[in-house]
Amino acid sequence: MSEDFTIRDRVAIAGIGETTYYRRGAAPVSEFELTLEAILKAVEDAGLAATDIDGFASYSNDRNDPSRLATALGIKDLAFSNMFWGGGGGGGSGAVANAAAAIVAGYAEVVVVYRGLAQGQFGRFGQAAPLKHVSWPMSYTAPYGLLSPAQTFAMRANRFMYEHGVKQDALAAIAMASYHHAQSNPRAVMYGRPLSREDYDNSRWIVEPFHLFDCCQENDGAAAVILTSAARARDLKQKPAYILAASQGSDFRQSAPAHNAPDYPSSNFKTVAKRLYAMAGVGPDEVDVAQVYENFTGGVMMSIVEHGFCKPDEVNEFCTFETLTAPNGKLPINTSGGNLAECYMHGLELITEAVRQVRGTSTCQVPDVNISLVASGPMVSPVSDLILRA
Amino acid sequence: MTAASTTERYLPEGLAIPAASPDGLDTEYWAAVRRHELVVQRCNACRGFQFGPEWICHQCRSLDLAWEQVQTRGRIYSWERVWHPVHPALKNGCPYVVVLVELPQAGNVRMVGNLLGDPMQPIVIGSEVEAVFEDHVEDEVTLVQWRIVN
């Protein structure tokens, strides 16, 4: 590939912004206002003005569309608006990548990637819509009570655990790492709510093999990050988090209806992680800290494998509390508490945390971070990946 | 071959009723299961199986696809026991078991169904199962459920 056709090192995240994170239904203002607040905080963090924004990118069918935002914010020249296809958190890194691509292509100069989500004001992801009829492809699953994301993905996780002899301890360790990190993070909804192994074991099953604490929260809030060229970012207020690499996509027939993906026990990162590392020019051994999207811990388990941090048959040995926690674990993950324990901001809070790790300002800082990875969306299609560097 | 059938529902009434796709993609599947026949899409060009259905064969790109009746036997590929109801109809319906069944005689395509019997029964991946056609007479639809073959 020609050196010209890459976003590598050409763009940086210059600002991050987040609202207060709320339990579902607890936000005192509308989802749109939350979104505006996150964007305003992000431009302020970058040392820019809202009117410097000329591009918007989001994912997962965010309701707060760029035309309304640009109108509300008084943006004079909206130059780029973009939506990453697909549901779940699969587009978090992908939206950042699209924004970066727009900057490299010259479409826009300052692009905000944002996600506003008030599940208390609109529908809950964890509940089935009360439909009278369903047709393809849901007709092959919903009448059998396979309705929610947890139910959709437990089936994949269970097969993986069967094939590789994975014990429940691995899932417990992933949940406990997130909760442990949240105890240092005052922004986290689960701040002050530590999770012991006993709590985990005693929590109710949602759908085996997922206990309550294997599942993400449902929250209200918003988050945003500001991207601009690497050159411009160097003159702004914050230490830039350079985008070293990004990738997105989906493996062979991962979307096959009625759970017919040929490589079924997968997080869908095998092809995407390979392209990520190729663009970055680094391997898994060089990753200092990772934010690994947790819709459910089983997806994190498979993401860890598919990003090359351990082999499938090594999950029991690798996925331990010691390995996965900052500051000294071999692979600290979800150092803000993530979707499980900070806030389910659809994984955009994982990207703000990846930036903080590069800046050295995380509440669970890993020493001397150079390579900060984000994996967005396991088990959905498409998924996306991002590597930031100092 | 008379397939096993029942009019007893495994899950409580009130879940969404399956309907053929408005574009006609799987009209034949839903008609066949009402006749207590299990059918899978098969390519007339390369003879490959495909499920769920699509308008094109993913193996050879032929648009010439047909529905082929297959044996009502399979084996459990994965499973889950659901404890938390996410739909009002399931409020008193938990726990229940969802199985993913692969059909070795049809290119190992997979189908989602419920495993009939005690929801607390021990479940072993690889176990042989057979289809039980669950007729919802008033809704004019039939679901394909599964039970362990002894």
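Structure: see above.
No experiment lies behind these values; they were computed from the predicted model shown.

About the thresholds
- Residues numbered from 1 in each chain as written.
- Chains lettered and ligands numbered in written order.
- Predicted model: local features only at pLDDT ≥ 70, side-chain atom pairs only at ≥ 80, totals over all residues.
- Helix = DSSP H or I, 4+ residues; strand = E, 2+ residues; numbered from the N terminus.
- Rg over C-alpha atoms; globule rule 2.2 N^0.38 Å.
- Buried ≥ 20, exposed ≤ 12 C-beta atoms within 10 Å, placed from the backbone.
- Contact = placed C-beta atoms within 7 Å.
- Pairing = 2+ DSSP bridges.
- Axes fitted to C-alpha atoms, helices over the stretch in contact; angles between N-to-C directions.
- Parallel < 35°, antiparallel > 145°, perpendicular 65-115°, else oblique.
- Nonpolar A, V, L, I, M, F, W, Y, C, P; charged D, E, K, R; others polar.
- Core = buried A, V, L, I, M, F, W, Y, C linked by C-beta atoms within 7 Å.
- Arc of directions from axis to C-beta.

Another aspect to go through is the overall build of chain B. Looking only at helices and strands, chain B has one helix and 10 strands in total. Its helices and strands in sequence order give chain B the pattern β-β-α-β-β-β-β-β-β-β-β, from N to C terminus. For 150 residues, the compact-globule estimate of 2.2 N^0.38 gives 15 Å, and the C-alpha radius of gyration of chain B, at 16 Å, lies within 12% of that figure. On the principal axes, the C-alpha backbone points of chain B span a range of 45 × 35 × 30 Å. The buried share among the 150 residues of chain B stands at 40%. For chain B, restricting intrachain contacts to residue pairs at least 6 apart in sequence, the fraction spanning at least 24 positions comes to 54%.

Let us now look at the overall build of chain A. Per the secondary structure count, chain A includes 13 helices and 13 strands. Taking 2.2 N^0.38 as the reference for a compact globule, 390 residues should give roughly 21 Å; the C-alpha atoms of chain A span a radius of gyration of 19 Å, in line with that estimate. Within chain A, the proportion of its 390 residues that are buried is 62%. By sequence separation, contacts in chain A at least 24 residues apart represent 79% of the contacts at least 6 residues apart.

Counting residues at the interface gives 37 residues for chain B, matched by 37 residues for chain A. If you list the elements that add at least two residues to the side of chain B that touches chain A, you get strand E2 (17-18), strand E6 (73-82), strand E7 (96-103) and strand E8 (109-114) of chain B. Across two bridges, strand E6 (residues 133-134) of chain A lies against E2 of chain B in parallel orientation. Across the sheet, the residue bridging to Val-134 of chain A is Pro-18 of chain B, located in E2 of chain B.

Residue and element names in this part refer to chain A. Of all the nine residues making up strand E10 (residues 241-249), seven are buried; the element is thus mostly covered by neighbouring parts of the structure. Looking at chain direction, E10 and strand E13 (residues 383-389) are connected through seven bridges and run antiparallel. Considered in E13, the bridge of Gln-248 is made with Ser-384.

What follows concerns the packing of helix H5 (residues 168-182) of chain A against helix H9 (residues 297-306) of chain A. Residues and elements named next belong to chain A. The contact between H5 and H9 brings their axes to 9 Å, and the two run at 100°. In terms of axis orientation, H5 runs roughly perpendicular to H9. Seen from H5, the contacting residues are Ala-170, Leu-171, Ile-174 and Ala-175; seen from H9, they are Thr-297, Gly-298, Val-300 and Met-301. Split into classes, the residues belonging to the contact of H5 with H9 amount to six nonpolar, two polar and no charged.

With that out of the way, let us pick up the nonpolar core. Residues and elements named next belong to chain A. One finds Val-96, Val-111, Val-113, Val-225, Ile-226 and Leu-227 to be the most contacted residues of the largest nonpolar core, which totals 173 residues. Here the element with the most residues in this core is H5; it accounts for 10 residues. Setting aside residues up to four positions removed in sequence, Val-225 forms contacts with Ile-13, Gly-15, Ile-16, Ala-42, Val-96, Val-113, Ile-351, Thr-352 and Val-355.

Consecutive side chains of a regular strand alternate in pointing toward one face of the sheet and then the other. Residues and elements named next belong to chain A. Burial analysis of strand E9 (residues 219-229) places 10 of its 11 residues in the buried class, which makes it a mostly covered element. Note that strand E1 (residues 11-18) and E9 share seven bridges and pair antiparallel. Looking at the pairing, Val-11 lines up with Ser-229 of E9. Two elements, strand E2 (residues 22-23) and E9, share two bridges in a ladder whose sense is antiparallel. Bridge pairing links Arg-23 to Asn-219 in E9. With nine bridges joining them, strand E5 (residues 110-118) and E9 adopt antiparallel strand pairing. Residue pairing across strands places Val-110 opposite Thr-228, the latter belonging to E9.

Residue and element names in this part refer to chain A. Structurally, the position occupied by Phe-84 is in strand E4 (residues 80-84). Note: C-alpha distance between Phe-84 and Gly-116 (32 residues apart in sequence) is 15 Å. Ignoring sequence-local partners within four residues, the contact set of Phe-84 consists of Tyr-59, Gly-91, Gly-94, Ala-95 and Asn-98.

Turning our attention to the sheet that holds strand E3 (residues 39-43) of chain B. Residue and element names in this part refer to chain B. As summarised here, the arrangement of the three strands in space is E4-E3-E5, forming an open sheet in which the pairing is antiparallel. A strand with exactly one partner marks an edge of an open sheet, and here the two such strands are strand E4 (49-50) and strand E5 (65-69). Across two bridges, E3 lies against E4 in antiparallel orientation. For Arg-42, the partnering residue across the bridge sits in E4 and is Phe-49.

All names here are of chain A. Counting buried positions over the 10 residues of H9 gives 10, a clear majority of the element. When H9 is considered as a whole, its buried residues turn out to be Thr-297, Gly-298, Gly-299, Val-300, Met-301, Met-302, Ser-303, Ile-304, Val-305 and Glu-306. One or two residues past the end of H9 sits Gly-308, with phi positive at roughly 80°.

For the rest of this paragraph, the subject is the environment of Met-190 of chain A. All names here are of chain A. Considering the arrangement of structural elements, one finds Met-190 in the loop between H5 and helix H6 (197-202). Once the C-alpha coordinates of Met-190 and Ala-102 are considered, the two residues, 88 residues apart in sequence, prove to be 36 Å apart. Apart from the residues lying within four places of it in its own chain, the contact partners of Met-190 are Tyr-179, Ala-182, Gly-337 and Ala-341.

This part is about unusual backbone geometry. Following Glu-208 of chain A, the chain continues to Pro-209 of chain A via a peptide bond in cis, the omega torsion being 10°. Along the chain, Pro-209 of chain A falls in the loop between strand E7 (205-207) and strand E8 (210-211). The amide bond that connects Phe-51 of chain B to the next residue, Gly-52 of chain B, takes the cis arrangement and shows omega of -10°. With respect to the helices and strands, the residue Gly-52 of chain B is situated in the loop between E4 and E5. The phi angle at Asp-9 of chain A is positive, at roughly 65°, despite the residue not being glycine.

This brings us to helix H2 (residues 66-73) of chain A. All names here are of chain A. Residues of H2 that are buried include every one of Pro-66, Leu-69 and Ala-70, and no others. Axial view of H2: buried residues confined to an arc of 95°, hence all on one face. Among the exposed residues of H2, those pointing more than 90 degrees away from its buried face are Ser-67 and Thr-71. On the buried face of H2, the contacting elements are helix H1 (31-46), strand E3 (55-59) and E4. Phi turns positive, to about 70°, at Gly-74, one or two residues after H2.

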